[in-house]
Structure formats: structure tokens, C-alpha cells
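# Examination of the molecular architecture
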Number of protein chains: 2
Amino acid sequence: MKTMHKEHTLTKNQQIIFDLIDKSSEPMKAYAILFNVQKKGIKAPLQVYRALDKLVEIGKIHKIESRNAFIACHNSSCQVAKATAFSICEICEKVTEISSAGLSKYLANFKDKDGMKYSKYNLEFFGLCKKCR
Amino acid sequence: MKTMHKEHTLTKNQQIIFDLIDKSSEPMKAYAILFNVQKKGIKAPLQVYRALDKLVEIGKIHKIESRNAFIACHNSSCQVAKATAFSICEICEKVTEISSAGLSKYLANFKDKDGMKYSKYNLEFFGLCKKCR
DNA sequence: AACACTATGTAATAATATAACATATATTAG
DNA sequence: CTAATATATGTTATATTATTACATAGTGTT
């Protein structure tokens, strides 16, 4: 069975920028992206930010808020940018998307003191990765 | 020998900036802080950022990463900036620190696929607050 | 007093992100 | 098909957030 996700055909700029982020081994910052795609005709910050906004919205990439950087989503179970969790190494800055059914279930069902549930969350764990320990 | 747990007496700038954030009903941004404390002699962004860094480090305030803003810690059980959770209203931008023993326990003990535990985390929930629903 | 450490003051600049406006392309309704 | 609507692009300028570099001052320890 195929994915339930709606198919989003990316536009030219979105595709260029997604491809770059997707093949990067680490989160990319907006101006690093800009520098890399200038040879492809994307000249201005706003062109990059617009594509990034859209890609985040449709869940193709995620923003690592504590780093102002973007990574491709490699987690088919993540609910289109609504429920994200990452581990971040404080030495080498390696970022990995966490895919844990238990964690997502726990957080999706979490209610605060007032019994309020939330439609969206972002979780960032910090520590040392295997190599840096 | 001195005590192991150093008492963090705030310096002049730190105290001025902490007081401002502490009495604010909403998260404050660095340049809003700067504007507010200029009459007290703090003139430059760096003076603000240095105080903010220190206050975050000692756990008196927290940074809301998705908003680039700072709020005072009102959660005596939060482990000095090591384990933070917030709810954020996407309409009115009200931010509340979440104090849930269950949540902190779950996250503090969370292990990823490789069995790795993390020394620190930050969680931001998004949704609509009571008033905005 | 000498030392190390932390905090402060100041100017300049780097890095991140958006506003405003014009044009073009794609999608949908009639 | 064509007009209307919505979405995407191009471009310039500017706003917002944060740091580098260097000089000075205060604090605590030996």
C-alpha cells in the first residue's frame, strides 16, 4: 500500500533546494543553501526562505530550531512536520531525526494540567553522539 | 573549602535584565529587552546577550527557540536549563512552561534506538490556548 | 601585590529573516 | 477555452538577531 500523503509536486526552486538539503549529510543553513544554489539561478535570500517555508509546511524538510538549520525528513512516520524529534550532538553537531513509536505516541497523547492536548510539537535532545563520547 | 553549589548572585546587568524578563507576562526578545533597559545604562546588544547567556546557563531564564525569545523560569523542578518544556499558542503567542513530573521522567529516561540517553532536552508544544480556541 | 577570572563598555560587523512590489506561471470555475 | 484566482518567482531594500574583536574594570585567591 502506498503512502497516505498527498503528493506534492515541487516547483523548480523547491526541487533545487530540496535536492541540496536531501543529499547533505548535515543540517544546512539558509545562507549556505543560497551560496550553493546561486549557480542554479537562485540569487536572493527570499527565494531560499520561500522554498524552505513551503518544504517545511509539506513536511519534506524540518527546521532544527536551536540551530537555525534545515534537514530532509527521512522519517516516513512523521506527521508532516507536526511531530518532530531530533538528537543533536553538542560536539560535532550531528543531527539525527528520532523515529520512535513510543515517543511519538507519548507526546501526541500528552495533556497538560488543564487537560489540553496539542496539535504539534518539536523536541530536541542534546548530548554526545557515539563518536564524540 | 567553598560550597559545591555556588550561589549565583547576579551581577548588575544580569539583575536588571532578569528583573525585566521576570516581570514580563510574555517572552521577551533581545532587542525589546535592550530598548527597555537603555534608560538603565545598558546600551549595546552585546551587553544584553551576555547577560542572557549567563541567565540561561544558570537556569534563571529559558530561551524559546522557535521564537527567539526569553522567559523567566517559574518551575522549581526544572533541572537548571537541562530539561525544558513549553506550550505555545499559535494565535496569541502565549507561552507557558510545562511542569509535569510524568513528562520529565519520561523524557529524562528516553533512550533512542542505540540505547543512547541524552543529557538535555527542549520540547515545544504548539496549539491553541483556552482563550483562543 | 600579583594573579587569574569574570564582567563590562564600545564599535563594528556577521548572520538570519522579512517587507514591498512587480511579474510570471499554474489551477480552477464558468 | 478563457477569465478569474491562487500560487510561485524575481528583485531591491531593509529589519532582526547575534557575534567578533579589543580595551577596561571589578572580584576573589594566594
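Source: prediction; values computed, not measured. (Residues numbered from 1 in each chain as written. Chains lettered and ligands numbered in written order. Predicted model: local features only at pLDDT ≥ 70, side-chain atom pairs only at ≥ 80, totals over all residues. Heavy atoms only, no water.)

### A closer look at the interface of chain A and chain B
Of the residues lining the interface, 29 residues belong to chain A; the matching set on chain B comes to 29 residues. Here chain A packs against chain B, burying approximately 2600 Å² in sum over the two surfaces, 65% of which is carbon and sulfur. Linking chain A with chain B are 2 salt bridges. Residue E90 of chain A pairs with K120 of chain B through a salt bridge whose shortest N-O separation is 3.5 Å. The tally of links between chain A and chain B comes to 13 residue pairs in polar contact (both at pLDDT 80 or more). Where the side of chain A that touches chain B is concerned, the elements lending two or more residues are α4 (101-108) and β5 (120-127) of chain A. Per-element accounting of the side of chain A that touches chain B gives the leading share, 8 residues, to β5 of chain A. For the side of chain A that touches chain B, the residue count by class is 13 nonpolar, 8 polar and 8 charged. (Contact = heavy atoms within 4.5 Å. Buried area = accessible area lost by both parts, 1.4 Å probe. Salt bridge = Lys/Arg side-chain N within 4 Å of Asp/Glu carboxyl O. Polar contact = N/O pair within 3.5 Å; in protein donor to acceptor, adjacent residues only side chain to side chain. Helix = DSSP H or I, 4+ residues; strand = E, 2+ residues; numbered from the N terminus. Nonpolar A, V, L, I, M, F, W, Y, C, P; charged D, E, K, R; others polar.)

### Examining the protein's contact with DNA strand D
Of all residues adjacent to DNA strand D, which total 16 residues, the nearest are T11, Q47 and R50 of chain A together with K29 and K63 of chain B. In DNA strand D, the atoms that sit within 4 Å of the protein are 48% sugar and phosphate, with bases accounting for the remainder. In this structure, a base nitrogen belonging to DNA strand D sits 2.5 Å away from a side-chain N or O atom of R50 of chain A. The contact in question runs from a base nitrogen of DNA strand D to an N or O atom on the side chain of Y31 of chain B, over 2.8 Å. For the surface near DNA strand D, the secondary structure elements donating two or more residues are α1 (12-23) and α3 (45-57) of chain A together with α3 (45-57) of chain B. The element contributing the most residues to the surface near DNA strand D is α3 of chain A, with 4 residues. (Near = heavy atom within 4 Å.)

### Quick look at the confidence of the model for chain A
Averaged over every residue, the pLDDT of chain A is 91; residues scoring 70 or more account for 91%. Below a pLDDT of 50 lies the segment residues 1-6 of chain A, which in the model reaches 3 contacts outside its immediate sequence neighbourhood of four places, other chains included. (pLDDT = per-residue confidence, 0-100.)

### Details of the packing of helix α2 (residues 30-37) of chain B against α3 of chain B
All names here are of chain B. Relative orientation of the contacting elements α2 and α3 amounts to 115 degrees, with a least axis distance of 9 Å. Here α3 runs roughly perpendicular to α2, going by the angle between their axes. Helix-helix and strand crossings are classified by hand; for α2 and α3 the assignment is right-handed. On α3, the residues touching A30, Y31, I33 and L34 of α2 are P45, V48, Y49 and L52. Broken down by class, the residue content of the contact of α2 with α3 amounts to 8 nonpolar, no polar and no charged. (Axes fitted to C-alpha atoms, helices over the stretch in contact; angles between N-to-C directions. Parallel < 35°, antiparallel > 145°, perpendicular 65-115°, else oblique. Left-handed = near helix turned anticlockwise from the far one by under 90°.)

### Observations concerning the protein's contact with DNA strand C
Lining the immediate environment of DNA strand C, one finds 16 residues, of which K29, Y31 and K63 of chain A together with Q47 and R50 of chain B sit closest. K29 of chain A is positioned with one of its side-chain polar atoms (N or O) 2.4 Å from a phosphate oxygen of DNA strand C. Between DNA strand C and N68 of chain A, the relevant distance is 3.4 Å, taken from a phosphate oxygen to a side-chain nitrogen or oxygen of the residue. Within the residue set of the surface near DNA strand C, elements represented by two or more residues are α3 of chain A together with α1 (12-23) and α3 of chain B. Ranked by the residues each element gives to the surface near DNA strand C, the list is headed by α3 of chain B, at 4 residues. Looking at the surface near DNA strand C residue by residue, the class counts come to 5 nonpolar, 5 polar and 6 charged.

### Points about the relation of the copies chain A and chain B
Screw-axis analysis of chain A against chain B gives a translation of 0.0 Å along the axis, an RMSD of 0.1 Å, and a rotation angle of 180 degrees. Seen this way, the second copy is the image of the first under a two-fold rotation axis. Using C-alpha coordinates, one finds that chain A approaches the rotation axis most closely at L123 of chain A, a distance of 2.2 Å. Counting the interface residues of chain A, we find that 100% of their copies in chain B are interface residues as well, pointing to one common contact surface. (Least-squares fit on C-alpha atoms with pLDDT ≥ 70 in both.)

### Some thoughts on the nonpolar core
Counting residues in each nonpolar core, the largest one holds 22 residues, and the members touching the most others are L103, L123 and F125 of chain A together with L103, L123 and F125 of chain B. Within the residue set of this core, elements represented by two or more residues are β3 (83-89), α4 and β5 of chain A together with β3 (83-89), α4 (101-108) and β5 (120-127) of chain B. Contacts of F125 of chain A, omitting those with residues within four sequence positions, involve F86, S87, I88, I98 and L103 of chain A together with L107, F110, Y118, K120 and Y121 of chain B. (Core = buried A, V, L, I, M, F, W, Y, C linked by side-chain atoms within 4.5 Å. Buried < 20%, exposed > 50% of the residue type's maximum accessible area, 1.4 Å probe, protein only.)

### Looking at the sheet that holds β3 of chain A
Reading across the sheet, the 6 strands line up as β4(A)-β3(A)-β5(A)-β5(B)-β3(B)-β4(B) and stay open at both edges, with mixed pairing between neighbours. Each of the sheet's edge strands pairs with one partner strand only, and the pair in question is β4 (95-97) of chain A together with β4 (95-97) of chain B. Neighbour-to-neighbour, the strand axes of the sheet open up by a mean angle of 20 degrees, direction not taken into account. Of the pairings in the sheet, the one linking β3 of chain B to β4 of chain B comprises 3 bridges and is antiparallel in character. When the sheet's bridge partners are listed, I88 of chain B is paired in β4 of chain B with V95 of chain B. Along the sheet face, α4 of chain B touches β5 of chain A together with β3 and β5 of chain B and points at about 130 degrees away from the line of β5 of chain B. (Pairing = 2+ DSSP bridges.)

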